[in-house]
Amino acid sequence: MLVRILTAIVGLPLLILIVWLGGLPLAFCTWIISIIGMYEFYKAVSGGYKTIHCVGFMMEALLIYLLVFQPSSIITAVFEFLIFFFILLMFLVFGHSKYSVTDAAVTVFGFIYVGFLLSAVVVLRQEGIIFVWYAFIFAFASDTGAYFAGSAFGKHKLAPVLSPKKSIEGAVGGLLASAAVTVIYGLFVFNGADRAEVVVYMASFGIIGSVLAQLGDLTASSIKRSAGIKDYGSIFPGHGGVLDRFDSVLFTAPFALGGVYFLMLIF
């Protein structure tokens, strides 16, 4: 526990700084984290890194580049991704003795599951620094609330096979913590709007975000169980790998992005 706390003490200010800087620093760090996360995924699912997986890394690099320098170039993005799909086919044709359709599918899935979902953080930051924190509030508040509620009241298992330590009571605590923190933050962000409306929307926003955060956690656990591993890596002492730490954010970031667009229409 001490190691986890020390890692958080060091990591949280660094996260705040990178998000505050935004732009290229945030894009670069998102790319690095995505690449590490994708590598962890490929290694876990395929039993080791394979050359065909480099296509996923290239797709992520292109995605980050387009989000930063050509955010509205949909046609360019589609064309470029078709090229990468063609490259995957070439791996299957000329490397048919080494690579299978499963390897190609894992490559694409790893890109979508890790790189594509996490890239929503970059877009959120482009919409404004006040909005990007929603993705982390959902994940971290839910995780913290679930931990303390589960430790104090946990009796009924939530998913005994995937994650034996998680309880239904903890899950409810995560929902309430996420809702509460989201409401408090929402009242600050939308301080000129009707307070009753803000409370209702923010509470709903926080609850759904917590559900997705916990689903992201369970999804990562499911993949780990299938791969027969305890942690994806050890880059974060006490926390594990990138996917062990950011598994919830993978799900909350895209939701936060869609939710922010919705809230901007309302408020």
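Thresholds, definitions, all that
Residues numbered from 1 in each chain as written. Predicted model: local features only at pLDDT ≥ 70, side-chain atom pairs only at ≥ 80, totals over all residues. Heavy atoms only, no water. Helix = DSSP H or I, 4+ residues; strand = E, 2+ residues; numbered from the N terminus. Rg over C-alpha atoms; globule rule 2.2 N^0.38 Å. Contact = heavy atoms within 4.5 Å. Lys, Arg positive; Asp, Glu negative; His and termini not counted. Charge placed at Lys NZ, Arg CZ, Asp CG, Glu CD. Expected span 1.5 Å × (residues − 1). Buried < 20%, exposed > 50% of the residue type's maximum accessible area, 1.4 Å probe, protein only. Pairing = 2+ DSSP bridges. Core = buried A, V, L, I, M, F, W, Y, C linked by side-chain atoms within 4.5 Å. Phe/Tyr/Trp six-rings, centres within 6.5 Å; stacked < 30°, edge-to-face > 60°. 1 Å grid on protein atoms, 1.4 Å probe; cavity = no way out; pocket = protein on both sides within 12 Å on 5 of 7 lines; lining within 4 Å. Points joined across faces, edges and corners; volume = space filled by probe spheres on them. Nonpolar A, V, L, I, M, F, W, Y, C, P; charged D, E, K, R; others polar. Salt bridge = Lys/Arg side-chain N within 4 Å of Asp/Glu carboxyl O.

### Things to note about the overall build of the chain
Here is step 1 of the chain: Looking only at helices and strands, the chain features 11 helices and 2 strands.
Here is step 2 of the chain: Taken over the C-alpha trace, the chain has a radius of gyration of 19 Å; the compact-globule value for 267 residues is 18 Å, and the two agree within 12%.
Here is step 3 of the chain: On the principal axes, the C-alpha backbone points of the chain span a range of 60 × 45 × 30 Å.
Here is step 4 of the chain: By sequence separation, contacts in the chain at least 24 residues apart represent 73% of the contacts at least 6 residues apart.
Here is step 5 of the chain: Counting 14 positive and 13 negative side-chain charges, the chain places the centres of these two groups 10 Å from one another.

### As for helix H2 (residues 23–46)
Here is step 1 of the chain: For H2, which comprises 24 residues, the first-to-last C-alpha distance of 34 Å matches the rise-based estimate of 34 Å (1.5 Å per residue) to within 8%.
Here is step 2 of the chain: The complete set of buried residues in H2 reads Leu-26, Ala-27, Thr-30, Ser-34, Ile-35, Gly-37, Met-38, Glu-40, Phe-41, Tyr-42 and Ala-44.
Here is step 3 of the chain: Backbone geometry just downstream of H2 places Gly-47 in the positive-phi region, at approximately 80 degrees.

### Topic: the pairing of strand S2 (residues 163–167)
Here is step 1 of the chain: Where strand S1 (residues 157–159) lies against S2, 2 bridges are found, and the strand directions are antiparallel. By the bridge assignment for S2, Ala-159 is matched with Ser-163.
Here is step 2 of the chain: In sequence, S1 turns back onto S2 through a hairpin of 3 residues.

### Side note on the nonpolar core
Here is step 1 of the chain: Counting 66 residues, the largest nonpolar core has Tyr-134 and Phe-136 as the members making the most contacts within it.
Here is step 2 of the chain: Looking at which element gives the most residues to this core, the answer is helix H7 (residues 129–153), with 10 residues.
Here is step 3 of the chain: In this structure Phe-136 touches Leu-15, Val-19, Val-121, Ala-141, Phe-246 and Val-249, once residues within four positions along its chain are discounted.

### Here we look at the packing of aromatic side chains
Each aromatic ring pair is described using two quantities: the centre-to-centre distance and the angle formed by the ring planes.
Here is step 1 of the chain: The tally for this structure, following the rule as stated, stands at 23 aromatic pairs.
Here is step 2 of the chain: Taken together, a centroid distance of 5.5 Å and an interplanar angle of 80 degrees make the contact between Phe-91 and Tyr-99 edge-to-face. For the pair formed by Phe-91 and Tyr-99, the shared burial category is buried.
Here is step 3 of the chain: Aromatic pair Phe-109 and Tyr-113: ring centres 5.9 Å apart, planes at 20 degrees, arrangement stacked. Taken as a pair, Phe-109 and Tyr-113 lie in helix H5 (residues 101–118) at a separation of 4 residues, close to a single helical turn.
Here is step 4 of the chain: Taking the relative accessible area as the measure of exposure, Tyr-113 reaches 5% and is therefore buried.
Here is step 5 of the chain: Members of the aromatic cluster, each reached through a chain of ring pairs, are Tyr-39, Phe-41, Tyr-42, Tyr-49, Phe-57, Phe-109 and Tyr-113.

### What about the layout of surface pockets?
Here is step 1 of the chain: When its volume is computed, the second largest pocket comes out at roughly 320 Å³.
Here is step 2 of the chain: Of all the secondary structure elements, the ones that give two or more residues to the lining of the second largest pocket are helix H3 (54–69), helix H4 (74–94), H5, helix H6 (120–127) and helix H11 (249–266).
Here is step 3 of the chain: For the lining of the second largest pocket, the residue count by class is 13 nonpolar, 4 polar and no charged.

### What to know about the environment of Ala-256
Here is step 1 of the chain: Secondary-structure assignment places Ala-256 in helix H11.
Here is step 2 of the chain: Along the chain, Ala-256 and Tyr-232 lie 24 residues apart, while their C-alpha atoms are 25 Å from each other.
Here is step 3 of the chain: Those residues in contact with Ala-256, other than ones at most four positions away along the chain, are Leu-124, Tyr-134, Ala-135, Phe-138 and Phe-205.

### Re the side chain of Gln-214
Here is step 1 of the chain: Its place among the elements puts Gln-214 in helix H9 (residues 195–227).
Here is step 2 of the chain: Residue classification places Gln-214 among the buried residues on the basis of a relative accessible area of 16%.

### Details of the pattern of salt bridges
Here is step 1 of the chain: Counted according to the given criterion, the structure contains 5 salt bridges.
Here is step 2 of the chain: Where Arg-245 meets Asp-143, a salt bridge forms, and the shortest distance between an N and an O atom there is 3.6 Å. With a gap of 102 residues between them, Arg-245 in helix H10 (residues 242–246) and Asp-143 in helix H7 connect regions that are remote in the sequence.
Here is step 3 of the chain: The closest approach of N and O atoms between Asp-231 and Lys-230, which form a salt bridge, is 3.7 Å.
Here is step 4 of the chain: Residue classification places Lys-230 among the exposed residues on the basis of a relative accessible area of 65%.

### With respect to the environment of Val-121
Here is step 1 of the chain: Mapped onto the elements of the fold, Val-121 is located in helix H6.
Here is step 2 of the chain: Residue classification places Val-121 among the buried positions, given a relative accessible area of 5%.
Here is step 3 of the chain: Along the chain, Val-121 and Gly-173 lie 52 residues apart, while their C-alpha atoms are 25 Å from each other.
Here is step 4 of the chain: With near-sequence residues (within four places) excluded, Val-121 lies in contact with Leu-26, Val-132, Phe-136, Val-249 and Ala-253.

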